[in-house]
Structures are given as C-alpha cells and as structure tokens.
Amino acid sequence: GSDLRKGDRVIVSVRPEHISVSGEQGRDGPNVYRGKVMLSAYIGNHIECEILVADQLLRTTTNPAHEFKAGRDVWIELNREALVPLPREVSIINQ
C-alpha cells in the first residue's frame with residue numbers, strides 16, 4: 001500500500017516504453033513536455049533516446065521509422081496510466 005496523500009510532493013517513475021515522442025507539438029496537457037534529444041541510438045528493432053526535459057534526462061524507446069537525431073527539439077507525452085508516484089524520500093538509482 002501507499003502512504004501518499006493528495007498534495008504530497010512525489011517523484012514520478014515511468015518506463016521508457018510509456019513515453020511517446022513526437023517531432024511536432026501535439027496537444028497541450030499536464031503530461032506533455034518539450035525536450036531536446038541528447039542521444040539517439042539504433043538498437044535493432046527500436047531506437048533508444050535520451051531526452052532532456054527541463055533538468056531531467058529521460059530515456060525512451062521509439063520506432064525506427066521515427067528517428068530523432070541528437071540536438072532536435074521534440075515533444076514527449078507521459079502515459080498517465082503508467083505513471084508511478086513515489087515518496088520524495090525514496091532513493092532512485094538511474095540504471
């Protein structure tokens with residue numbers, strides 16, 4: 001169970017496959033952010049990207065048909081149903 005209450009400050013975790021990436025600005029919303037591709041690498045059946053949003057580096061995977069080169073501005077959308085709120089006191093190791 002979670003001890004989180006409405007209004008608590010949290011850290012949000014999301015798996016890379018639940019981050020949608022677009023080269024064009026889509027709809028506005030609470031889970032849509034502008035970012036910059038810092039790294040893009042073709043890995044067989046997908047592309048792994050590191051995208052800088054504000055001061056956070058997010059890792060995601062995309063379809064090879066939508067290659068985003070380093071330095072390009074993109075928009076990401078986080079799948080609301082896949083977001084996992086964690087208490088701010090939780091230590092997260094970036095793997």
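Counting of residues starts from 1 at the beginning of each chain's written sequence and follows it residue by residue. In view of the model being predicted, local features appear only for residues whose pLDDT reaches at least 70, and side-chain atom pairs are presented and counted only at 80 or more, with totals across whole chains, interfaces and linings using the full set of residues. Side-chain figures throughout are based on the complete set of non-hydrogen atoms in the structure, without hydrogens or water.

S.K.: It is not clear to me how the pairing of strand 4 (residues 46-53) should be interpreted in this structure. Could you clarify?
M.R.: Looking along a regular strand, one sees the side chains alternate between the two faces of the sheet. Sheet topology note: the strand 3 (residues 32-43)/strand 4 ladder contains 7 bridges and is antiparallel. Within the sheet, the bridge partner assigned to Ser-40 lies in strand 4 and is Cys-49. When DSSP finds two or more bridges between a pair of strands, those strands are recorded as paired. In this text, helices come from DSSP runs of H or I with a minimum length of four residues, and strands from runs of E with a minimum of two, each type numbered from the N-terminal end. Hairpin connection between strand 3 and strand 4: a loop of 2 residues separates the two successive antiparallel strands, and Gly-44 in this loop has a positive phi of roughly 65 degrees. Of the strand pairs in this sheet, strand 4 and strand 5 (residues 56-62) are connected by 7 bridges, and their pairing is antiparallel. Looking at strand 5, one finds that Glu-50 is bridged to Arg-59. Counting the residues in the hairpin turn of strand 4 and strand 5 gives 2 residues, including Ala-54, whose phi is positive at 55 degrees.

S.K.: Hey, could you run me through the sheet that holds strand 2 (residues 19-22) in this one?
M.R.: Within a sheet, adjacent strands bond to each other through the backbone by hydrogen bonds, running parallel or antiparallel. Pairing in this open sheet of 5 strands is antiparallel, and the strands run 2-6-3-4-5 from one edge to the other. Each of the sheet's edge strands pairs with one partner strand only, and the pair in question is strand 2 and strand 5. Recorded for the sheet is a direction-independent mean angle of 40 degrees between the axes of neighbouring strands. All axes here are fitted lines through C-alpha atoms, helices being fitted over the stretch that makes contact, and every angle between N-to-C directions spans 0 to 180 degrees.

The values are spatial; any link to function lies outside them.
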